[in-house]
Amino acid sequence: MASSLQQAPQTSTPHEGGRRPRSRGSTTVVGQVVKTTLLAVVGAIAVAAALPLVAAGEWLLLAVLVLVTALLFWVYLSPRHVPLKYLVPGTLFLLAFQLFPVVYTVSIAFTNYGDAHRGSKEDAVRAIEGASVQQLPDSPTYELSIATEGDPATGDVVFLLTDTAQDEYFLGTAEGLEELDPDDVEVGSTGRITALDGYTVLDLGQATARDAEISTFSVPTDGGAIRNQGLSSAYEGAARQQYDAGCDCITDAQSGQVWTADEEVGYFVDENGDNLAQGWRVGVGLENFAAVVTNPTISQYFFQILVWNLAFAALSVLLTFAAGLFMAVVLNHPRLRGQRLYRSLLILPYAMPAFAMLLVWRDMFNTDFGLVNRLLGLDVNWLGEPWTARVAVLLVQLWMGYPYMFLVATGALQAIPADLTEAAGVDGARPGYAFRTITFPLLLVALSPLLITSFAFNFNNFNAVYLITEGGPFPADNPQAGATDLLITYTYRLAFGVGGAQYGFAAAISVLIFLIVAVMSILMFRRTRALEEVNR
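Undergrad: Just to check I follow, could you spell out the overall build of the chain for this structure?
TA: Secondary structure summary: the chain contains 19 helices and 15 strands in total. In summary, the chain has a C-alpha radius of gyration of 33 Å against a globular reference of 24 Å for 536 residues, an excess of more than 25%. Its C-alpha atoms put the chain at 105 × 90 × 45 Å along the principal axes. The buried share of the chain, reckoned over its 536 residues, is 36%. Counted over contacts in the chain with a minimum sequence separation of 6, partners at least 24 positions apart contribute 58%. Accessible surface, the chain: about 31600 Å² in total, of which carbon and sulfur atoms supply 62%.

Rendered as structure tokens:
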């Protein structure tokens, strides 16, 4: 009987139960519909993204878009390449959201990109000529409606113009003037265009909010450019400053002054070394990195900020780790009752919204009505003096960070076998000695990666500083670098502060931050491996 059972067929026939076995790579009808729909969406997105790239002449990006789209269709229309079906999406997102920002930031670090250097040389020439446009006695005038392409707050500004004398309508952009079909526009009683498909006509409040941009906007024409005169009329005038490709220079028609292009600095410069306000983006090599040590104004505050940044990150980790470990050890004692209640209360700060608690702490450190001064009976200007502001920031970090360390230390303590400390006790070791020589080294091995990542996080802890002190207090002679500034807040102020955007220099600082954190992380991970070797 056993022999006959062993000789019986071990598998069913292919048609058993009326079902055919699914062949490799086959999908259901629903799966095919979903796949086809998703590929159609991908194709539609690719076409929508390709049109502006073609219009802008971005052929390299267009080629990348075509290759990526072709790759997706090739992978998912074929029944083979199963591993690629899982790997391609993750790889594309990794390239788009991790690698590309890093490469772009590094590339910006070697340029003078910033205020007055945002565009190309052609953009700079167009802006200089447009800004110098002057109205002449016989200049044509237009009824003006200010509009944007898309969002009123962020879309590109355009002029919708009406020539009431000729009964003609025009769309004025930074590229030039385009005549509109009268059937495509809606016109109000004043002759001004009130609606045009694809554009948003701004009301008074929206136009006022973008007044600075509108005042520098001009529409290039064959005879000069069109500029606004208020928010309801415009005129076509002649440019007083004009570019001459022969000498690669800008000449002022009235004064005769000449500014020659300097490709090293991205400016038009006159014989006295003075430059026009508008420039263009050029490569500057290592100049942004060298400015950290060669520019006395920058180097003095940069190294001061770097030292405080290192101290802030290290102290934040050490203080929170010490407090969290102490509480974890205390609450891990077997004779302590109500452990769950105490642990729940201790992790409350971790459950609070961080940004809200930072703002609450900022008010608590207020000199006049802050809770800290009132409870302690002090009169300390916590956020107004450099060292008290640093202490305040560290105290807030301690309050917000120790619950995390408490949780991870509790988990690590409970994972260490009790036999080790019990055996040490049998050999006569006191509890403190057993903790110092057995438990703590094992904790460090388990928690070192977390401590390293915590250091890296606090090194770039923008919120903790910016929401409490905004980097201040600031010295009287430099509003750019405060006493509690970290490199990341300092970089943010350089890139977006009132002193004007310096994206190139800010990108260089970001690269330095990355290198510092990377080097310190590598050294700490090597130290972690050394601890593991010791404990083996």
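Undergrad: Is there a simple way to think about the state of the cysteines in this case?
TA: Two cysteines whose sulfur atoms are joined by a covalent bond form what is called a disulfide. Counted by the stated rule, this structure contains 1 disulfide. The disulfide bridge from Cys247 ends at Cys249, spanning 1.9 Å between sulfur atoms. Linking Cys247 and Cys249, the disulfide has an S-S dihedral of approximately -50° and is accordingly described as left-handed. On the basis of relative accessibility, which here comes to 37%, the residue Cys247 falls in the partly exposed class.

Undergrad: Hey, could you run me through the packing of helix H2 (residues 29-56) against helix H3 (residues 59-77) in this one?
TA: Geometry of a packed helix pair, given as the angle between the helix axes and the separation of the axes. Two elements in contact, H2 and H3, have axes separated by 10 Å at closest approach and are oriented at 170°. If you check the angle between H2 and H3, you find them roughly antiparallel. Between H2 and H3, the contacting residues are Lys35, Leu39, Val42, Gly43, Ala46, Ala49, Ala50, Leu53 and Val54 on the first element and Trp59, Leu61, Leu62, Leu65, Thr69, Leu72, Phe73, Tyr76 and Leu77 on the second. By residue class, the composition of the contact of H2 with H3 is 15 nonpolar, 2 polar and 1 charged.

Undergrad: Which parts of the structure should I look at to understand the packing of helix H9 (residues 296-331) against helix H14 (residues 386-415)?
TA: Orientation of H9 relative to H14, taken along the N-to-C sense of each, is 45°, at an axis distance of 6 Å. Put simply, H9 runs oblique to H14. With respect to the hand of their crossing, H9 and H14 are arranged in right-handed fashion. The class makeup of the residues in the contact of H9 with H14 is 20 nonpolar, 7 polar and 1 charged.

Undergrad: Which parts of the structure should I look at to understand the nonpolar core?
TA: Within soluble globular proteins, side chains that are nonpolar tend to cluster in buried spots. Core analysis: the largest hydrophobic core is formed by 37 residues, its most contacted members being Phe302 and Phe459. Taken together, the elements giving at least two residues each to this core come down to helix H8 (287-294), H9, H14, helix H16 (431-459), helix H18 (487-496) and helix H19 (503-535). The dominant element in this core, judged by the number of residues it contributes, is H9, at 12 residues. Among all residues touching Phe302, those that are not within four sequence positions of it are Val292, Leu487, Tyr490, Ile509 and Leu512. Trp382, Ala392, Met400 and Leu486 belong to the second-largest nonpolar core, a separate cluster that totals 17 residues.

Undergrad: Honestly, the pairing of strand S12 (residues 241-244) in this entry has me stumped. Any pointers?
TA: Across a regular strand the side chains alternate sides, sitting on one face of the sheet and then on the other. Alignment of S12 against strand S13 (residues 249-252), held across 4 bridges, turns out to be antiparallel. Counterpart to Asp244 in the pairing with S13 is Cys249. The loop that links S12 with its antiparallel partner S13 comprises 4 residues; one of these, Asp248, has a positive phi angle of about 55°.

Undergrad: Whenever I open this one, the pairing of strand S5 (residues 177-180) confuses me. Can you help?
TA: As paired elements, strand S4 (residues 168-172) and S5 share 4 bridges and run antiparallel to each other. Its bridge partner lying in S5, Leu171 is registered against Glu178. The hairpin formed by S4 and S5 contains 4 residues between the paired strands, and Gly176 there has a positive phi angle of roughly 155°.

Undergrad: Mind showing me how you'd approach the side chain of Lys85 here?
TA: Inspection of the secondary structure puts Lys85 in helix H4 (residues 82-109). Side-chain polar atoms of Lys85 contact the backbone oxygen of Val75, separated by 2.7 Å.

Undergrad: Looking at this model, I keep getting lost on the pattern of salt bridges. Mind explaining?
TA: Side chains carrying opposite charge are able to pair once their charged atoms draw close together. Scanning the model with the defined rule gives 7 salt bridges in all. The residue Lys121 makes a salt bridge to Glu263 at a minimum N-O spacing of 2.9 Å. Pair noted here: Lys121 is in helix H5 (residues 121-131) and Glu263 is in the loop between strand S14 (258-262) and strand S15 (267-269), with a separation of 142 residues, a long-range link. Look at Lys121 and you get buried, because its relative accessible area is 15%. A single salt-bridge network, built from bridges that share partners, covers Lys121, Asp248 and Glu263.

Reading the values: rules and limits
Residues numbered from 1 in each chain as written. Predicted model: local features only at pLDDT ≥ 70, side-chain atom pairs only at ≥ 80, totals over all residues. Heavy atoms only, no water. Helix = DSSP H or I, 4+ residues; strand = E, 2+ residues; numbered from the N terminus. Rg over C-alpha atoms; globule rule 2.2 N^0.38 Å. Buried < 20%, exposed > 50% of the residue type's maximum accessible area, 1.4 Å probe, protein only. Contact = heavy atoms within 4.5 Å. Areas by Shrake-Rupley, 256 points an atom, 1.4 Å probe, with all protein chains shown as cover. Disulfide = S-S within 2.5 Å. Axes fitted to C-alpha atoms, helices over the stretch in contact; angles between N-to-C directions. Parallel < 35°, antiparallel > 145°, perpendicular 65-115°, else oblique. Nonpolar A, V, L, I, M, F, W, Y, C, P; charged D, E, K, R; others polar. Left-handed = near helix turned anticlockwise from the far one by under 90°. Core = buried A, V, L, I, M, F, W, Y, C linked by side-chain atoms within 4.5 Å. Pairing = 2+ DSSP bridges. Polar contact = N/O pair within 3.5 Å; in protein donor to acceptor, adjacent residues only side chain to side chain. Salt bridge = Lys/Arg side-chain N within 4 Å of Asp/Glu carboxyl O.

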